[in-house]
Amino acid sequence: MLDYAIYRIAVLLPTLLAVSLAVFLVLHLVPGDPARNAAGPDAEEEDIALIREHYGLDQPLWKQYGTYLVRLSQGDLGESFRSRRPVLDEIMRRLPATMELAGFAMLLAVLVGVGMGVAASMKPNSWVDDAIGALSAFGISVPVFFLGLLLMLLFAARLQWLPPSGRGSWANLVLPVVTLGLPYVATFARVTRSTMLEVLSEDYIRTARAKGLMRRTVIWRHALINAAIPLVTLLGVYFGRLLGGAVIVETIFAWPGLGRYMVDGIIQRDLQVVQGCILFFATAIVVVNLVVDLLYSVLDPRIARG
Amino acid sequence: MHEGSIPIVNAMSDPAAAVPVLEVSGLRTRFGPLRAVDGVSFAVAPGETLCIVGESGSGKSTVALSIMGLIPPAAGRVEAGSIHLAGHGELRGLADAAMAAIRGRAMGMIFQEPMTSLNPVFKVGTQIAEVVRRHQGMSRAAAHDRAVELLRLVGVPSPQMRALDYPHQLSGGMRQRVMIAMAIACDPMLILADEPTTALDVTIQAQILALIEELKQRLGSGIVFITHDLRVVAQIAQTVCVMYAGVVVESATTRALLRTPLHPYTSGLMASIPAAQPRGTRRRLPVIAGTVPNLAKLPGGCRFRSRCPKAFDLCAEVEPPLAPPAKGDPDRLVRCWLHADGVAA
Ligand SMILES: Nc1ncnc2c1ncn2[C@@H]1O[C@H](COP(=O)(O)OP(=O)(O)OP(=O)(O)O)[C@@H](O)[C@H]1O
Ligand code: SF4
Ligand SMILES: [Mg+2]
């Protein structure tokens, strides 16, 4: 188990290196002059040249990447052209807001989605199953921005039950979390239903029943743990998409998190900010997938550990 | 409730059979249109092993699962009949929660597939301990000790260590021993074993049969042992029920049945035992020719007719009743016109 973990962490470094190179290349090869953008529309040519020199943008690309890597290794993501503040500091300042949003959305997906999936699998093709199926079809197919605007119009503008934007109280959390979480509630409900139906027909479930275990023990202990193994893999896959969704949701609800920071960076053509955010997101996804993989091997004793 | 209203005909020669642990009568179970079990009756006394034999699809497992209340409700249901368990009364129609309290405590079941019948994510000791925790309210620690003791009882070497293994770490034979340990954890009065040795190789088979026999002696339980192998029947059973297409076609003591099989189907089964066949013909007579009829639309008359070498006119018209043979042992039952009273054979 420990060996496996160490191995996985060792493999992480080349992965992150490749990610950093990809991000670097994409952003430096897109058309547009970052220095000119940073300087503003009515800047003098000398100022632009100065900026170019200051950020090393006049250097050859490989040299820029080298400098970038050296800085990265020191935990330096560069500084914003606009605010002149270190990008990492800005990211860290906004991280709690995004974590709060993504964390609660995941929690919602796991608790409500799995609960709905189990309920649906108990009585397949009943009205409960059909209702849950319809709800999850809606959840999966509705675009995030549309759902966000819909909820905002209904609960904030029309009914005025909840604040439309900003962060602070619990009430502020509700709309963004539901908007971000609903597609995952739907996905988890679906996957849980089908894996549960599969697991419930396994021989070992019949054994559990033959032992006289109570229905709830058979379902929540013997069946769900086995059904959870594929679900955990999903958790890793969907974490990346969740962060993508967070970018949209934060923008709709003016949620002061990382996603909005990145969108602002893009609008203002603030190269360092965009680069830093993407790298941060990518790292988060890679690390979460690692954790999920390790969790997987804890859940399933059949996976070789060593 | 029952007042012994059902005639118990098999095992009458054994005086201990007077108070059966299990009485099944008129059991009917269907999966949609398919009548998997179509009126089956038998009784098992304490310390008795009753074998149910028959080809694949004859309804043997369905009988056992019906007794346990484990027919998946989405697939089928027990339609009629009575299942009477000593000390617990009528089981048919009990709510699942009430059945759950009896399963694993008063009756235990061993399945055919040791490889898939244990939960892959729990240690085997935990899975055994669960039974006594559920039914005897033992603490976690006491239940674990009991699990280790049960593993030792079923002949698992170094039980202390094996209790901490996951199923995939054990061989098929060891897993079947674990299954047996779970089934007997609460000293059940009835053990249902559904082809428990079919998936195992021959030496392990013999060991498991010996173990089941030893445990029966020890616990004094009644055993319903399902198999399609008459050699196994000869080894362990006192009584035999031969099933064909959802009904019992013959029942007798093992000795009587093996010495003089009455039903043509039983004779066919016996001819298919390799050792019972004359040399040189072994390869040509592996099974009875033909297949089990479609249970969803059975034609009238005898169910075995299409495969019976001795079928005659009457067989196509009326289904023969299960009754004592016209000539011979009145304790036996056979479902064939050849042995019926007043019918010329
Ligand atoms: N869950 C189910 N749903 C539908 N049909 C079933 C189900 N279980 C059994 N059957 C049908 O009931 C009939 C009897 O099956 P059963 O499993 O009781 O036979 P068996 O005598 O145990 O055979 P085997 O020796 O193969 O185990 C078969 O035709 C089978 O296809
Ligand atoms: S009743 Fe007729 S067909 Fe059926 S087993 Fe007897 S002889 Fe054969
Ligand atoms: Mg079977």
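Note that this is a predicted model, so its numbers are computed, not measured.

## Quick notes on the interface of chain B and chain A
Then, number 1: Contact with chain B, which involves 27 residues of that partner, is made by 19 residues of chain A.
Then, number 2: Buried surface at the junction of chain B and chain A, both sides included, amounts to about 2,100 Å², of which 57% is carbon and sulfur.
Then, number 3: Contact with chain A buries area across many residues of chain B, yet Pro120, Val121 and Glu130 of chain B alone supply 24% of it, more than any other trio.
Then, number 4: Our count for the chain B to chain A interface comes out at 4 salt bridges.
Then, number 5: The shortest N-O distance in the salt bridge between arginine 221 of chain A and glutamate 130 of chain B comes to 3.0 Å.
Then, number 6: Listed by contribution, the elements that provide at least two residues to the side of chain B that touches chain A are helix H1 (60-68), helix H2 (96-102), helix H3 (124-136) and helix H6 (172-184) of chain B.
Then, number 7: Tallying contributions element by element places H3 of chain B first for the side of chain B that touches chain A, with 6 residues.
Then, number 8: A class-by-class count of the residues in the side of chain B that touches chain A yields 13 nonpolar, 9 polar and 5 charged.

## Observations concerning the site of ligand 1
Residue and element names in this part refer to chain B.
Then, number 1: Around ligand 1, the surrounding shell holds 14 residues, and the nearest of these are Ser56, Gly57, Lys60, Ser61 and Thr62.
Then, number 2: Interatomic distance of 3.0 Å between a backbone N/O atom of glycine 59 and an oxygen atom of ligand 1.
Then, number 3: The contact in question runs from an oxygen atom of ligand 1 to an N or O atom on the side chain of serine 61, over 2.7 Å.
Then, number 4: Here ligand 1 loses 64% of its free accessible area of 630 Å² to cover by the protein chains.
Then, number 5: For the shell around ligand 1, the elements supplying multiple residues, two or more each, are strand S2 (34-44) and H1.
Then, number 6: Per-element tally for the shell around ligand 1: the top contributor is H1, with 3 residues.
Then, number 7: Within the shell around ligand 1, the residues separate by chemical class into 5 nonpolar, 6 polar and 3 charged.

## Quick notes on the UniProt feature "transmembrane region" (unreviewed entry) in chain A
Then, number 1: Within this numbering scheme, the UniProt entry marks residues 6-27, 101-120, 132-157, 223-253 and 273-296 of chain A as carrying the feature "transmembrane region" (unreviewed entry).
Then, number 2: Annotated as 100% helix and 0% strand, the span residues 101-120 of chain A places its first and last C-alpha atoms 27 Å apart.

## Concerning the packing of aromatic side chains
Residue and element names in this part refer to chain A.
Then, number 1: Scanning the entire structure with this criterion turns up 9 aromatic pairs over all chains.
Then, number 2: Taking 5.8 Å as the distance between ring centres and 80° as the angle between the ring planes, the aromatic pair formed by phenylalanine 104 and tryptophan 170 counts as edge-to-face. Separated by 66 residues along the polypeptide, phenylalanine 104 in helix H5 (residues 87-122) and tryptophan 170 in helix H8 (residues 170-200) bring together distant segments of the chain.
Then, number 3: In this structure tryptophan 170 comes out as exposed when scored by relative accessible area, which is 65%.

## Focus: the site of ligand 2
Then, number 1: In the region of ligand 2, 13 residues are neighbours, and Cys302, Cys308, Cys315, Cys336 and Trp337 of chain B sit closest.
Then, number 2: For the shell around ligand 2, the residue count by class is 10 nonpolar, 1 polar and 2 charged.

## Brief notes about the pairing of strand S4 (residues 77-85) of chain B
Residue and element names in this part refer to chain B.
Then, number 1: Judged from the 7 bridges that link them, strand S1 (residues 22-31) and S4 form a sheet pairing that is antiparallel. When the bridges of S4 are listed, threonine 29 appears paired with valine 78.
Then, number 2: The antiparallel pairing of S4 with strand S5 (residues 89-90) creates a hairpin that spans 3 residues between the two strands, and glycine 87 there sits at a positive phi of about 85°.

## Focus: the UniProt feature "domain: ABC transmembrane type-1" (unreviewed entry) in chain A
Then, number 1: Under the feature "domain: ABC transmembrane type-1" (unreviewed entry), the UniProt entry names residues 95-296 of chain A.
Then, number 2: A helix fraction of 85% and a strand fraction of 0% characterise residues 95-296 of chain A, whose end C-alpha atoms lie 26 Å from each other.

Scoring rules and cut-offs
- Residues numbered from 1 in each chain as written.
- Chains lettered and ligands numbered in written order.
- Predicted model: local features only at pLDDT ≥ 70, side-chain atom pairs only at ≥ 80, totals over all residues.
- Heavy atoms only, no water.
- Contact = heavy atoms within 4.5 Å.
- Buried area = accessible area lost by both parts, 1.4 Å probe.
- Salt bridge = Lys/Arg side-chain N within 4 Å of Asp/Glu carboxyl O.
- Helix = DSSP H or I, 4+ residues; strand = E, 2+ residues; numbered from the N terminus.
- Nonpolar A, V, L, I, M, F, W, Y, C, P; charged D, E, K, R; others polar.
- Near = heavy atom within 4 Å.
- Polar contact = N/O pair within 3.5 Å; in protein donor to acceptor, adjacent residues only side chain to side chain.
- Areas by Shrake-Rupley, 256 points an atom, 1.4 Å probe, with all protein chains shown as cover.
- UniProt positions renumbered as here; feature names shortened; annotations may be inferred.
- Phe/Tyr/Trp six-rings, centres within 6.5 Å; stacked < 30°, edge-to-face > 60°.
- Buried < 20%, exposed > 50% of the residue type's maximum accessible area, 1.4 Å probe, protein only.
- Pairing = 2+ DSSP bridges.

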